[in-house]
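A closer look at the structure
So the chains spell out like this:
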Amino acid sequence: MTSPWLIDPAQLWPDYRPTRLLELPALARRCGVARVYAKAENERPLGNFKSLGGMTAGLRALARVTGADSLDALQRHCRQSPAPMRLLCASDGNHGLAVAAAAQRVGAHATVYLPAAVDEPRAARIAALGGKVVRIDGSYDDAVLAASAMAARGDGVLIADTASDPGDAVVADVMHGYGLLTRELAGQWPDHAGGPPSHAFIQAGVGGLAAAMAEGLRTQLRASACIVVVEPDSAACVTRALQAGAPVAIDGDLDTAAGMLSCGLASAPALAVLLRHDARGIGVDEAMLDLAVTALREAGGPHSTASGAAGLAGLLRASADPELRAAHALGGDSRVLLVISEGDAALRD
């Protein structure tokens, strides 16, 4: 069941407005390209793009379970249900925040499984929205297994942002939510830009955002455009999957300052999209992630985190290396899109 009132994620927030598309000339000069644009997802409700995916998928899943045909009907059902409706998810922080917001919106409950490395401010933000936080002694991937096990026991409705099944309906809803970025971008490109963008450097945890951008931008970029997936060197699961043609679990502790990207296994639905669009991967070290945060701020961009500015880290690395410049066809006429996927509010709270 697809509910018409849930098709557009823009309907899910009362004072919806598109996030800005910023042009950052200082970064273009630094990287030796014609233009750099940054979609400011720090301006979303909850301070990050995940508010679109988790909210959309959570409410759609509850609508499928209850048969509700409107938001009001879903709220009535959840609040009158003799047994509380519960959403379950695993998260590094932001997806769980969005799922907790979805539950709060309709009077349901949410349980969010967080890996041990997630900092307390991010956990506290989930709890402030009424979400129950369960800490997992392990990685994000261990949290995914824990949430899936609880859903299999019948403890709630699983709102996953990753899956082994390429046709998973909930993950498709998550990525549809993220796709609002590209629908907004269609009306935001400046007339003086000199043609459509040639590159999109998009950060990845399990790959959902990158896949949504690749799919949604297919008619907005140059025909020969490059979709570049940027990951920390220590957690490059999407790059490994692109090379293998299938999700492959990576070894190591996945430790990185870009905690929202600390994932060891790519999402199969996301990978299918990225392979279809010939996406390529690039890894960045911790020093480059740190540099990107500073460079973004100094160029007049949003204050962000290592996760939020990771796409820029990929551009900085590629633009500074002649071999990588050639491999990614970066030149003086290139027009590059970045997504600043979160603000730094969660680290300041």
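Preceding block: the structure.
Residues numbered from 1 in each chain as written. Predicted model: local features only at pLDDT ≥ 70, side-chain atom pairs only at ≥ 80, totals over all residues. Heavy atoms only, no water.

On to the overall build of the protein, then. Across its full length, the protein carries 15 helices and 10 strands. Relative to its length of 349 residues, the protein is compact, with a C-alpha radius of gyration of 19 Å against a globular reference of 20 Å. Overall, the protein is about 65 × 45 × 40 Å in size when its C-alpha atoms are taken along their principal axes. Looking at the protein as a whole, 59% of its 349 residues qualify as buried. Of the roughly 13500 Å² of accessible surface on the protein, a fraction of 51% belongs to carbon and sulfur atoms. A distance of 6 Å separates the average location of the 30 positive side-chain charges in the protein from that of its 37 negative side-chain charges. (Helix = DSSP H or I, 4+ residues; strand = E, 2+ residues; numbered from the N terminus. Rg over C-alpha atoms; globule rule 2.2 N^0.38 Å. Buried < 20%, exposed > 50% of the residue type's maximum accessible area, 1.4 Å probe, protein only. Areas by Shrake-Rupley, 256 points an atom, 1.4 Å probe, with all protein chains shown as cover. Lys, Arg positive; Asp, Glu negative; His and termini not counted. Charge placed at Lys NZ, Arg CZ, Asp CG, Glu CD.)

Moving on, we come to a negative patch on the surface. On the surface, Asp233, Asp253, Asp255, Asp285, Glu286 and Asp290 cluster together into a negatively charged patch. Assignment of secondary structure puts Asp253 in the loop between helix H10 (237-244) and helix H11 (268-276). When its relative accessible area of 63% is taken as the criterion, Asp253 is described as exposed. (Patch = residues over 30% accessible without salt bridge, like charges linked within 9 Å, V, L, I, M, F, W, Y side chains within 5 Å. Salt bridge = Lys/Arg side-chain N within 4 Å of Asp/Glu carboxyl O.)

With that settled, the discussion passes to the pattern of salt bridges. Counted according to the given criterion, the structure contains 13 salt bridges. Here Arg20 makes a salt bridge to Glu43, at a shortest N to O gap of 2.5 Å. Here Glu43 lies in the loop between strand E2 (35-40) and helix H2 (50-66) and Arg20 lies in the segment before strand E1 (21-23), a separation of 23 residues in the sequence. Residues Arg135 and Glu120 are paired through a salt bridge, measuring 3.3 Å at the closest nitrogen-oxygen approach. Pair noted here: Arg135 is in strand E5 (residues 132-136) and Glu120 is in helix H5 (residues 120-128), with a separation of 15 residues, a long-range link. In this structure Arg135 comes out as partly exposed when scored by relative accessible area, which is 35%. Connected through shared salt-bridge partners, Lys39, Glu41, Arg44 and Glu184 make up one network.

Time to look at the nonpolar core. For soluble globular proteins, the rule of thumb is that nonpolar side chains tend to be buried together. Ranked by internal contacts, the top residues of the largest apolar core, which has 89 residues, are Met213, Leu274 and Leu337. Contacts of Met213, omitting those with residues within four sequence positions, involve Leu181, Thr182, Leu185, Ile202, Leu337 and Val339. In this structure, Cys31, Ala38, Ala40 and Val284 belong to the second largest nonpolar core, which totals 37 residues. (Core = buried A, V, L, I, M, F, W, Y, C linked by side-chain atoms within 4.5 Å. Contact = heavy atoms within 4.5 Å.)

We now examine the sheet that holds strand E3 (residues 86-90). Across the sheet, 4 strands lie side by side as E5-E4-E3-E6; this open sheet has parallel pairing. Looking at which strands have only one partner, the edges of the open sheet turn out to be E5 and strand E6 (157-158). As defined by bridge partners, E3 adjoins E6 across 2 bridges and the pair is classed as parallel. Paired with Leu87 across the bridge in E6 is Val157. The strands touched by helix H6 (residues 140-152) are E3, strand E4 (109-115), E5 and E6; relative to E3, the strand with the most contacts, the crossing angle is about 155 degrees. (Pairing = 2+ DSSP bridges. Axes fitted to C-alpha atoms, helices over the stretch in contact; angles between N-to-C directions.)

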